[in-house]
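# Remarks on the overall topology
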Amino acid sequence: MKKNNGKFKINLKKIGKKISTLYKKIWINKKYRKVFLGVIAALFIVIAIIIIVSSSRKLSSIEERELKKNSEIVMSYMEEIENVKKAELSSYIIYAMEYNYNENDKTSLTLSKMKTLLESVFNKTFSTKEIEKIGITPDMLDKNISYDPGEKKFTIDKSSFSYADIAATKIVKYQLQSIKKTGKNKFVAIYDKYVVSNPYEVLNYYDNLNNENNSKKDNKKDSKKQTTKVKTYDTTDIFNYLTGKEKVKVMKTYITNENASKVGKKKGTVIVKYLLEDDNILVNEIKSGKKKIKY
């Protein structure tokens with residue numbers, strides 16, 4: 001490197017010769033050659049490991065789609081597990097009955113089918129004998145769940161809930177915020193938990209939106225320019241839920257990221273770990289606050 005008029009000029013030819021001489025010395029000397037080849041091999045191994053690890057933790061579009069689809073169903077009734085101080089077997093029975101009623105439109109479950117349902121959701125083995133031994137708990141009575149020992153079948157009765165009962169029943173909604181892959185078949189999802197104490201707030205929210213939009217529509221009729229379409233919301237399903245004609249599953253679809261904080265209150269964050277096993281996405285851990293349920 002020479003200084004030319006106050007500037008440094010790099011002699012590439014000279015540097016090239018030095019590199020060439022150094023390379024020849026290393027290659028001729030067996031000891032240096034082994035060290036050199038070892039360093040190169042180690043470097044390739046490290047790069048390969050980094051590539052493998054990063055690719056194994058990259059969430060594909062298919063995985064993301066299936067996880068979101070599964071999460072939407074599984075988390076719709078997770079308050080029966082996550083919301084109790086101690087997740088006992090009776091909590092899982094209630095979860096199964098709510099799941100079966102909302103997703104399958106059925107009011108009864110045999111012991112064997114309950115076991116199958118629960119094991120398709122949680123990474124846990126359930127015993128039909130242990131389930132049967134539980135009988136009926138106060139929490140199950142509150143949900144109008146009964147058990148027929150002759151038919152070995154649980155039944156849930158929603159017909160006896162009055163309008164006042166429905167209005168007084170809190171709705172818990174877990175809003176998915178993020179999903180990431182932590183291993184080959186392991187995933188972590190983070191949810192914001194919202195509690196709607198008064199379900200009529202959901203109806204009021206959409207009624208107010210419709211009133212605002214109708215007002216805008218009327219104003220546009222008086223204007224020559226109509227650049228945007230005014231959206232209106234059908235609240236029939238919400239009204240049907242409030243009058244006992246629709247399920248809570250439908251009601252929860254109207255609680256979104258946009259309005260959750262307006263119709264309810266945020267009650268913390270819930271972290272759920274999922275495990276992909278034999279093409280089944282299973283809940284492997286639930287963590288909220290200081291409480292953690294690991295399977």
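Going by the structure above, here's the rest.
On a predicted model such as this, the values are computed, not experimentally measured, just so you know. (Residues numbered from 1 in each chain as written. Predicted model: local features only at pLDDT ≥ 70, side-chain atom pairs only at ≥ 80, totals over all residues. Heavy atoms only, no water.)

Right, let's talk about the sheet that holds strand β4 (residues 145-148) for a bit. In space, the three strands of this open sheet follow the order β3-β5-β4, with antiparallel pairing throughout. Sheet topology places β3 (108-110) and β4 at the edges, where each strand pairs with a single neighbour. Shown here is a sheet whose adjacent strand axes are inclined to one another by a mean of 20°, direction ignored. Here β4 pairs with strand β5 (residues 153-156) via four bridges, running antiparallel. (Pairing = 2+ DSSP bridges. Helix = DSSP H or I, 4+ residues; strand = E, 2+ residues; numbered from the N terminus. Axes fitted to C-alpha atoms, helices over the stretch in contact; angles between N-to-C directions.)

A few words now on helix α3 (residues 61-74). Compared with an ideal rise of 1.5 Å per residue, which puts 14 residues at 20 Å, α3 spans 20 Å between its outermost C-alpha atoms and is within 8% of the ideal. Those residues of α3 lying buried are Leu67, Ser71 and Val74. Down the axis, α3 shows its buried residues gathered within 70° of arc, on one side only. Facing away from the buried side of α3 by more than 90 degrees, the exposed set consists of Ser61, Ile62, Lys69 and Glu72. For α3, the elements touching its buried residues are α5 (89-104), β6 (171-181), β7 (186-196), β8 (265-277) and β9 (280-288). (Expected span 1.5 Å × (residues − 1). Buried < 20%, exposed > 50% of the residue type's maximum accessible area, 1.4 Å probe, protein only. Arc of directions from axis to C-beta. Contact = heavy atoms within 4.5 Å.)

Turning to the environment of Ile255, a few remarks are in order. Locating Ile255 in the fold gives a position in the loop between α12 (248-252) and α13 (260-263). Classification of Ile255 as buried rests on a relative accessible area of 0%. If sequence neighbours within four positions are ignored, Ile255 has contacts with Ile171, Lys173, Gln175, Val196, Val202, Ala260 and Val263.

Attention now moves to the sheet that holds β6. Taking strand neighbours across the sheet as the criterion, the five strands line up as β6-β7-β8-β9-β10 in an open arrangement whose pairing is antiparallel. The sheet is open, and its two borders are formed by β6 and β10 (291-294), each paired with just one other strand. Neighbour to neighbour, the strand axes of the sheet diverge by 30° on average, direction disregarded. Bridge count for β9 against β10 is four bridges, and the pairing is antiparallel. Looking at β10, one finds that Ile286 is bridged to Ile293.

The tendency in soluble globular proteins is for nonpolar side chains to be buried as a group. Ranked by internal contacts, the top residues of the largest apolar core, which has 43 residues, are Met78, Tyr95, Phe122, Phe154 and Tyr274. Top contributing element to this core by residue count: α5, with nine residues. In this structure Tyr95 touches Val74, Tyr77, Met78, Glu80, Ile81, Leu118, Val121 and Phe122, once residues within four positions along its chain are discounted. (Core = buried A, V, L, I, M, F, W, Y, C linked by side-chain atoms within 4.5 Å.)

Counting through the fold element by element, Leu89 comes out in helix α5. In sequence terms Leu89 and Glu130 are 41 residues apart; their C-alpha atoms lie 8.2 Å from each other. Those residues in contact with Leu89 that sit more than four places away from it in its chain are Phe126, Glu130, Ile131 and Ile134.

Looking at where Ile93 falls in the secondary structure, it is placed in helix α5. Residue class for Ile93 comes out buried when judged on its relative accessible area of 0%. In this structure, the C-alpha to C-alpha distance between Ile93 and Glu80, residues 13 residues apart in sequence, is 9.1 Å. If we ignore the near neighbours within four places in the chain, the residues touching Ile93 are Met114, Ile131, Ile134, Met140 and Phe154.

This brings us to the side chain of Asn102. Mapped onto the elements, Asn102 comes out in helix α5. A polar contact is formed between the side chain of Asn102 and the backbone oxygen of Glu98, at a distance of 2.9 Å. Among the polar contacts listed, one links the side chain of Asn102 to the backbone nitrogen of Lys249, at a separation of 3.2 Å. Residues contacting Asn102, with those up to four places away along its chain left out, are Tyr77, Lys247, Val248 and Lys249. (Polar contact = N/O pair within 3.5 Å; in protein donor to acceptor, adjacent residues only side chain to side chain.)

Read these as geometric descriptors, not functional statements.
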